[in-house]
Amino acid sequence: MSTESTPRRAGGFDIRLIIALLLGFYGLVLLVMGIGFTTEEELNRADGLNINLWAGIGMLVATAVFVVWAKLRPLVVPPSATE
């Protein structure tokens with residue numbers, strides 16, 4: 001074992017990427033529902049606003065923010081005492 005230990009990045013275990021994955025999935029589902037499966041009755045109930053479409057766009061924007069945040073400022077895992 002060497003006495004030098006370099007810190008490692010969290011990588012795929014970064015909670016921001018997991019949150020981005022979930023938001024991205026649900027955002028994509030809402031976007032598809034808003035574009036292709038919204039009826040006039042649903043639009044009338046929402047005062048003409050396509051809520052699924054706008055919620056999906058908002059979630060995809062939040063996904064992009066989380067991914068950019070995770071890439072620009074990665075989490076650094078400190079080396080443990082046993083390594």
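Residues numbered from 1 in each chain as written. Predicted model: local features only at pLDDT ≥ 70, side-chain atom pairs only at ≥ 80, totals over all residues. Heavy atoms only, no water.

Asks: Would you explain the environment of glycine 48 in this entry?
Replies: With respect to the element layout, glycine 48 can be found in the loop between helix H2 (40–45) and helix H3 (51–72). According to the relative accessible area criterion, glycine 48 is exposed, its value standing at 56%. Expressed as a C-alpha distance, the spacing of glycine 48 and valine 77, which sit 29 residues apart in the sequence, is 49 Å. (Helix = DSSP H or I, 4+ residues; strand = E, 2+ residues; numbered from the N terminus. Buried < 20%, exposed > 50% of the residue type's maximum accessible area, 1.4 Å probe, protein only.)

Asks: When you look at the packing of helix H1 (residues 15–36) against H3 in this model, what are you seeing that I'm missing?
Replies: Helix-helix packing is characterised by the crossing angle of the two axes and by the distance between the axes. With their axes 7 Å apart at the nearest point, H1 and H3 run at an angle of 155° to one another. In this view, H1 runs roughly antiparallel relative to H3, as classed from their interaxial angle. Seen along the crossing, H1 lies across H3 with a hand that is left-handed. (Axes fitted to C-alpha atoms, helices over the stretch in contact; angles between N-to-C directions. Parallel < 35°, antiparallel > 145°, perpendicular 65-115°, else oblique. Left-handed = near helix turned anticlockwise from the far one by under 90°.)

Asks: Help me understand the environment of leucine 23, please; the structure alone is not making it clear to me.
Replies: As for its position among the elements, leucine 23 is in helix H1. The class of leucine 23 is partly exposed, set by a relative accessible area of 21%. Separated by 40 residues in the primary sequence, leucine 23 and threonine 63 have C-alpha atoms spaced 5.9 Å apart. Excluding its chain neighbours within four sequence positions, the residues that come into contact with leucine 23 are Met59, Ala62, Thr63 and Phe66. (Contact = heavy atoms within 4.5 Å.)

Asks: Teacher, can you tell me more about a nonpolar patch on the surface here?
Replies: A contiguous nonpolar surface patch, about 1,000 Å² in accessible area, is contributed by Ile15, Ile18, Ile19, Leu22, Phe25, Tyr26, Leu28, Val29, Val32, Met33 and Phe37. Among the secondary structure elements, methionine 33 is positioned in helix H1. (Patch = residues over 30% accessible without salt bridge, like charges linked within 9 Å, V, L, I, M, F, W, Y side chains within 5 Å. Areas by Shrake-Rupley, 256 points an atom, 1.4 Å probe, with all protein chains shown as cover. Salt bridge = Lys/Arg side-chain N within 4 Å of Asp/Glu carboxyl O.)

Asks: Before we go on, may I ask you to explain the packing of aromatic side chains in this structure?
Replies: For any pair of aromatic rings, the description rests on two quantities: the centre-to-centre distance and the angle between the ring planes. Per the stated rule, a full pass over the model turns up two aromatic pairs. Measuring from centroid to centroid gives 5.9 Å for phenylalanine 66 and tryptophan 69, while their planes differ by 50°, and the two rings are tilted. Here phenylalanine 66 pairs with tryptophan 69, and both are found in helix H3, just three residues apart, close to one helical turn. Sitting over the ring of tryptophan 69, arginine 16 keeps its end group 4.8 Å from the ring centre. (Phe/Tyr/Trp six-rings, centres within 6.5 Å; stacked < 30°, edge-to-face > 60°. Lys NZ or Arg CZ within 6 Å of the ring centre and 35° of its normal.)

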